[in-house]
Amino acid sequence: MEDVLKIADKSIKNRLFIGTGKFANKALVREVLEASQSEVVTVALRRVDADSSDENILDYIPDNCTIMINTSGARDADEAIRIARLGKAMGCGNWVKIEVIPDNKYLLPDNTETLRATEVLAKEGFTVLPYMSPDLSMARRLVGAGAGAVMPLGAPIGSNRGLKTKELVRIMVNEIDIPVIVDAGIGWPSEAAACMELGCDAVLVNTAIATADNPVAMAGAFSCAVAAGRTAYLNSGIAVNESANSSSPLTGFLRDTK
Amino acid sequence: MILRINGEEEDVAKCANLLELINVKRLKVESIVIEHNHKIVLREDWHGIILNERDSIEIVSFVGGG
């Protein structure tokens, strides 16, 4: 049976989600998405700058991708709800990443306001993926509020520090029945693979790809790593031991005498 | 007429409706979403929104974001 990630009515094969911020130019976004074969992509919403002739980011996202509106810039639930509704009015679907951040230094999310926005938007029919500080009780509340997945952070946004929240994410993976997606802080493909080996359902990466010397090659590397980690999770069955366990036979050594 | 567009007061040529304003500002219709006095107005309804002095208008579009 094919291994797919199901969220709302979508069946997603590629478990690397990609954020479209910070790319040197928009054409790179298309190249990155083609190289990675990613199927879920985030975009943000901002006031139009009338003096800028900037092209539409949507023109660079392949039609087969699911667009997730990021509510970045929201400082409370009401602002997040407003951004989500505006994004939906654009006509690109109803997937929303709730990101409510009152803190500018670490960009850590406000879980309580995130829950409030999730409650409202899920009732309105949005597929809601809340970005959160990893916390089992809050994750359970978000499930109850109708979230389509939960997205705990690995480390502060754009920090490239890796899965610093590993133990808390592991608990969420063990206890939460909807998809758990690590979002933010992942800097290297090996860290993305580690998330997947842990049992996470997907990884969302932006900065590590967008700001790489070669974003297209890095997107390919992340995609391979996520797939490898997922395959390992599904197939390993290995035990971790304190002491060694020889891989080669312990008989028939040259020194042996009969 | 004076409108409050994206948080700033702007003196623009008199526009009968929202669609006219978008055309005057040469914005790409398919790339934007508009709030008129804090209510989202769908594209097909722009021509029916009559503009009055000091109306508040938010014009937003998608940008790259994580």
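Right above here is the structure, for reference.
Presented here is an overview of the structure given in this document.

So, how was this worked out
Numbering of residues begins from 1 in every chain and follows the order in which that chain's sequence is written. Chains carry letters and ligands carry numbers; both start at the beginning, A for chains and 1 for ligands, and go up in the order they are written. Since the coordinates come from a predicted model, pLDDT governs what is reported: local features require at least 70, and pairs of side-chain atoms require 80 or more to be given and counted, while whole-chain, interface and lining totals use all residues. Segments assigned H or I by DSSP are reported as helices when at least four residues long, segments assigned E as strands when at least two residues long, and all are numbered from the N terminus. Remark: C-beta atoms are placed from the backbone, and a residue is labelled buried if 20 or more other C-beta atoms sit within 10 Å of its own, exposed if 12 or fewer do, or partly exposed between those counts. Remark: residues whose backbone-derived C-beta atoms lie within 7 Å of one another are considered to be in contact. Any nonpolar core is a set of buried residues, restricted to Ala, Val, Leu, Ile, Met, Phe, Trp, Tyr and Cys, that join up through C-beta atoms within 7 Å. Side-chain classes are defined by residue name, with Ala, Val, Leu, Ile, Met, Phe, Trp, Tyr, Cys and Pro counting as nonpolar, Asp, Glu, Lys and Arg as charged, and the others, Gly among them, as polar. Comment: axis = line fitted to C-alpha atoms, over the contacting stretch for helices; angle = value between 0 and 180 degrees taken between N-to-C directions. Any angle that is under 35 degrees is reported as roughly parallel, and any over 145 degrees as roughly antiparallel; angles of 65 to 115 degrees are reported as roughly perpendicular and all others as oblique. Definitions for this section: a left-handed crossing has its near helix turned counterclockwise from the far helix by less than a right angle. A right-handed crossing has that turn clockwise. Strands were regarded as paired on the criterion that DSSP finds at least two bridges between them. Look down the strands so they point away from you; if going from the first strand over the helix to the second traces a clockwise path, that crossover is right-handed.

**A short note on the overall build of chain B**
Point 1. When its secondary structure is counted, chain B shows one helix and five strands.
Point 2. Its helices and strands in sequence order give chain B the pattern β-β-α-β-β-β, from N to C terminus.
Point 3. Considering chain B as a whole, with its 66 residues, one finds that 29% of them fall into the buried category.
Point 4. Intrachain contacts of chain B at a sequence separation of at least 6 include 57% that bridge at least 24 residues.

**As for the nonpolar core**
Point 1. Counting residues in each nonpolar core, the largest one holds 90 residues, and the members touching the most others are I181, A192, V203, V205 and F222 of chain A.
Point 2. Beyond its immediate sequence surroundings of up to four residues, F222 of chain A is in contact with L16, S36, P189, A192, V205 and I209 of chain A.

**Comments concerning the interface of chain A and chain B**
Point 1. Counting residues at the interface gives 25 residues for chain A and 19 residues for chain B.
Point 2. Elements represented by at least two residues in the side of chain A that touches chain B include exactly β4 (40-47) and α2 (77-89) of chain A.
Point 3. Here the residues of the side of chain A that touches chain B sort into 13 nonpolar, eight polar and four charged.

**Observations regarding unusual backbone geometry**
Point 1. A positive phi angle is found at Q37 of chain A, which is not glycine, with a value near 60°.
Point 2. Here Q37 of chain A is to be found in the loop between α1 (26-36) and β4.

**Thoughts on the packing of α1 of chain A against helix α8 (residues 215-235) of chain A**
Residue and element names in this part refer to chain A.
Point 1. Closest axis-to-axis distance for the α1/α8 pair is 8 Å, and the angle between their directions is 30°. The angle between α1 and α8 places the two elements in the roughly parallel class. Of the two possible hands of crossing, α1 and α8 adopt the one that is right-handed. Judged by residue contacts, L28, E31, V32, A35 and S36 of α1 engage P215, V216, A219, G220, F222 and S223 from α8.
Point 2. Along the lines of polarity and charge, the residues of the contact of α1 with α8 split into seven nonpolar, three polar and one charged.

**Some details on the environment of R30 of chain A**
All names here are of chain A.
Point 1. Structurally, R30 is set in helix α1.
Point 2. A count of 15 C-beta atoms within 10 Å places R30 in the partly exposed class.
Point 3. Each C-alpha atom, one on R30 and one on P109, is 29 Å from the other, the two residues being 79 residues apart in sequence.

**So, the packing of helix α3 (residues 111-123) of chain A against helix α4 (residues 136-145) of chain A**
All names here are of chain A.
Point 1. Running from N to C, α3 and α4 point in directions that differ by 15°, and their axes come no closer than 9 Å. The orientation of α3 relative to α4 falls into the category roughly parallel. Between α3 and α4 lies a crossing of right-handed hand. For the pair formed by α3 and α4, the contact residues are N111, L115, T118, E119 and A122 on the first element and M138, R141, L142 and A145 on the second.
Point 2. Class assignment of the residues belonging to the contact of α3 with α4 gives a composition of five nonpolar, two polar and two charged.

**Brief notes about the pairing of strand β10 (residues 202-205) of chain A**
Residues and elements named next belong to chain A.
Point 1. Going residue by residue along β10, you find A202 and L204 tucked away on one face and V203 and V205 tucked away on the opposite face as well.
Point 2. In this structure, strand β3 (residues 16-19) lies alongside β10, joined through three bridges in parallel fashion. Bridging across to β10, L16 finds its partner in V203.
Point 3. Bridge count for strand β9 (residues 181-183) against β10 is three bridges, and the pairing is parallel. Each residue of the ladder has a partner; that of D183, found in β10, is L204.
Point 4. In this region the chain leaves β9, passes through helix α6 (residues 189-198) and returns to the parallel neighbour β10; the handedness of that crossover is right-handed.

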